[in-house]
Amino acid sequence: MPYGKSNYKIIRVTPVLDTSAYADGDVLFNGLEIPNAVLGKGGCSKLVGMYVYQQTGAVLDATFLFSENSLTLGTQNATADVGDDAMEAANLTGVIQIDGSESTTTNIDNSRFFSSSYNNAIEHSVPQLIQAADNSTSIYVSAIVDGGTPTYAADSLDLILHIEYR
């Protein structure tokens, strides 16, 4: 590969969160775009790692849904209420679950790092393939809270995605 080019990329995205307490089953965020997740329009890449940097220190239990098109699971910070037609139109490509009690890598000064890795007990993990819609190089991720009553600052979650271009 030419200098500065690689088959790998780390992409960071930050969803905008509601700052009130969430409940189990609530929509954490809807349809967050992950730009340049694939090399060419309609392409496919491999998600080889996913980490979440959580800046408020709360434990993160969530399911992340990856899709070709933006997915609205319902009103943010309310019970997910998405119909089958919307799920079909989103063209789901994969799911990652993060269980804060299983995947916390470290806790530093009121912040935490969570991972989804092949070696932990998480059922839906990495690696997995991701694909963009035919006219795009972006994919999308939405998330649902899987437990507890966490609260967050509006920008307190950073998703760190390790991508291998295929």
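The present account deals with the structure reproduced in this document. (Residues numbered from 1 in each chain as written. Predicted model: local features only at pLDDT ≥ 70, side-chain atom pairs only at ≥ 80, totals over all residues. Heavy atoms only, no water.)

1. Quick word on the environment of Glu33
The condition that has to hold: A run of H or I in DSSP becomes a helix once it reaches four residues, and a run of E becomes a strand once it reaches two; helices and strands are each numbered from the N terminus. Only protein chains enter the accessibility calculation, which uses a 1.4 Å probe. A residue is then buried if its area is under 20% of the maximum for its type, exposed if over 50%, and partly exposed in between. Throughout, a contact is declared for two residues whenever any of their heavy atoms are within 4.5 Å. Any N or O atom pair separated by 3.5 Å or less is treated as a polar contact, with the protein-specific requirement of one donor-capable and one acceptor-capable atom, and with residues adjacent in sequence counted only for side-chain atom pairs.
Residue position: Glu33 is located in strand S2 (residues 27–34). You can call Glu33 partly exposed: its relative accessible area is 39%. Counting along the chain gives 19 residues from Glu33 to Thr14, while the straight-line C-alpha distance between them is 9.7 Å. Other than its neighbours up to four places away in sequence, Glu33 contacts Val13, Ser138, Ile139 and Tyr140. Looking at Glu33, its side chain comes within polar contact range of the side chain of Ser138, at 2.6 Å.

2. Describing the environment of Cys44
In this fold, Cys44 is placed in strand S3 (residues 44–54). Given a relative accessible area of 29%, Cys44 falls into the partly exposed group. The sequence separation of Cys44 and Thr137 amounts to 93 residues, and the corresponding C-alpha distance is 9.0 Å. What Cys44 contacts, discounting residues up to four positions off in sequence, is Val38, Leu129, Ile130, Gln131 and Arg166.

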